[in-house]
Amino acid sequence: MNKLKKNLVLTGMMGSGKTTIGKSLSQRLDMGFADIDSIIEKKVGLSISEIFEKKGEKAFRDEEEKESKKILKKTNLIIALGGGAFINENIRNEIKKSSVSVWLDLDIKMLYKRVKESKKRPLLKNSSEEELIRIYNLRKKIYSLADFKVQCSYKNKEQIITEVLQIYEDR
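All values reported here derive from a predicted model rather than from experimental measurement.

Observations regarding the overall build of the chain
From N to C terminus, the chain includes eight helices and five strands. In terms of C-alpha radius of gyration, the chain reaches 15 Å, essentially the compact-globule figure of 16 Å for 171 residues. With the principal axes as the frame, the chain shows a C-alpha extent of 45 × 35 × 25 Å. Counting only residues that meet the buried cut, the chain has 49% of its 171 residues in that class. Taking all contacts inside the chain whose residues are at least 6 apart in sequence as the whole, residues at least 24 apart take part in 74%.

What follows is the structure, given as structure tokens:
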């Protein structure tokens, strides 16, 4: 593949499937895969939860912006953003320049079921479905600024991948 392809950026709430779908898409499209949260964890040497606990959310968000912008300068990548990254206007502007963005949207009840057991979600530590709804309601207006939206509720992984592939290959 000689032609440099635009990056495909997946955004959405924690637990919406960005990493899982992103890894599968990278194999299908023969493109690299970058998971921003994993990159930050490797670089800092702490889990996202530990970064939040020890350094605070601001330190994490600063690191997230720096790493996201660095990755977005590359091409031929499928990029899974952290749940809050797309909220950052600097990251969003960089995405608009270099990438096709897709919001993976998922029903709140399904999201809650996926994330409530996770120790990896610092914003949801010891929190309720109401807290998840609050975060979702704050973010959905910004997620809707993505180029495309894929409603993932009641679809299996294969259906979601097919839909995202269609969007990416048709654009």
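Considering the nonpolar core
Leu-8, Leu-10, Leu-25, Ile-79, Leu-104 and Val-164 are the most contacted members of the largest nonpolar core, which totals 49 residues. By residue number, the principal contributor to this core is helix H8 (residues 157-170), which donates six residues. In contact with Leu-25, other than residues within four places in its own chain, are Leu-8, Leu-10, Ile-78, Ile-161, Val-164 and Leu-165.

Remarks on the environment of Lys-113
Inspection of the secondary structure puts Lys-113 in helix H6 (residues 108-115). Under the relative-accessibility criterion, Lys-113 is labelled exposed at 62%.

As for the sheet that holds strand S1 (residues 7-11)
Read across the sheet, five strands follow the order S2-S3-S1-S4-S5 without closing on themselves; strand pairing throughout is parallel. Of all the strands in the sheet, just strand S2 (32-35) and strand S5 (148-151) have a single pairing partner and so form its edges. Each adjacent strand pair in this sheet contributes to an overall mean axis angle of 20°, direction not counted.

A short note on the packing of helix H2 (residues 36-44) against helix H4 (residues 57-72)
The N-to-C vectors of H2 and H4 enclose an angle of 115°; their axes lie 10 Å apart at closest approach. Accordingly, the angle class assigned to the pair H2 and H4 is roughly perpendicular. Considering the relative orientation of H2 and H4, their crossing is right-handed. Here Ile-36, Asp-37, Ile-39, Ile-40, Lys-43 and Val-44 of H2 come into contact with H4, specifically with Phe-60, Glu-63, Glu-64, Lys-66, Glu-67, Ser-68 and Ile-71. Its residues placed into classes, the contact of H2 with H4 shows six nonpolar, one polar and six charged.

Observations regarding the pairing of strand S3 (residues 77-80)
Here S3 shows a buried face lined by Leu-77 and Ile-79 and a second buried face lined by Ile-78 and Ala-80. Taken together, the three bridges between S1 and S3 define a ladder with parallel strand orientation. Each bridged residue has a counterpart across the sheet, and for Val-9 the counterpart in S3 is Ile-79. Summarising the sheet, S2 and S3 pair through four bridges and their orientation is parallel. In the sheet register, Ala-34 faces S3, and the bridge partner there is Ile-79.

Some details on the environment of Ile-161
Assignment of secondary structure puts Ile-161 in helix H8. Ile-161 sits 64 residues away from Lys-97 along the chain, and the two C-alpha atoms are 24 Å apart. Setting aside its immediate chain neighbours within four residues, Ile-161 contacts Ile-21, Ser-24, Leu-25 and Arg-28.

Focus on the packing of aromatic side chains
As enumerated under the stated definition, the model contains two aromatic pairs in all. With a centroid separation of 5.2 Å and an interplanar angle of 40°, the aromatic rings of Phe-52 and Phe-60 are classed as tilted. In this structure Phe-60 comes out as buried when scored by relative accessible area, which is 2%. Residues Trp-103 and Tyr-143 carry aromatic rings whose centres are separated by 5.7 Å and whose planes lie at 40° to one another, so their mutual orientation is tilted. A residue pair is termed long-range when its members are at least 10 positions apart, and Trp-103 in strand S4 (residues 99-105) and Tyr-143 in helix H7 (residues 129-143) qualify at 40 residues. In this pair, the class of Trp-103 matches that of Tyr-143, namely buried.

The rules behind the values
Residues numbered from 1 in each chain as written. Predicted model: local features only at pLDDT ≥ 70, side-chain atom pairs only at ≥ 80, totals over all residues. Heavy atoms only, no water. Helix = DSSP H or I, 4+ residues; strand = E, 2+ residues; numbered from the N terminus. Rg over C-alpha atoms; globule rule 2.2 N^0.38 Å. Buried < 20%, exposed > 50% of the residue type's maximum accessible area, 1.4 Å probe, protein only. Contact = heavy atoms within 4.5 Å. Core = buried A, V, L, I, M, F, W, Y, C linked by side-chain atoms within 4.5 Å. Pairing = 2+ DSSP bridges. Axes fitted to C-alpha atoms, helices over the stretch in contact; angles between N-to-C directions. Parallel < 35°, antiparallel > 145°, perpendicular 65-115°, else oblique. Left-handed = near helix turned anticlockwise from the far one by under 90°. Nonpolar A, V, L, I, M, F, W, Y, C, P; charged D, E, K, R; others polar. Phe/Tyr/Trp six-rings, centres within 6.5 Å; stacked < 30°, edge-to-face > 60°.

None of this, on its own, says anything about what the molecule does.
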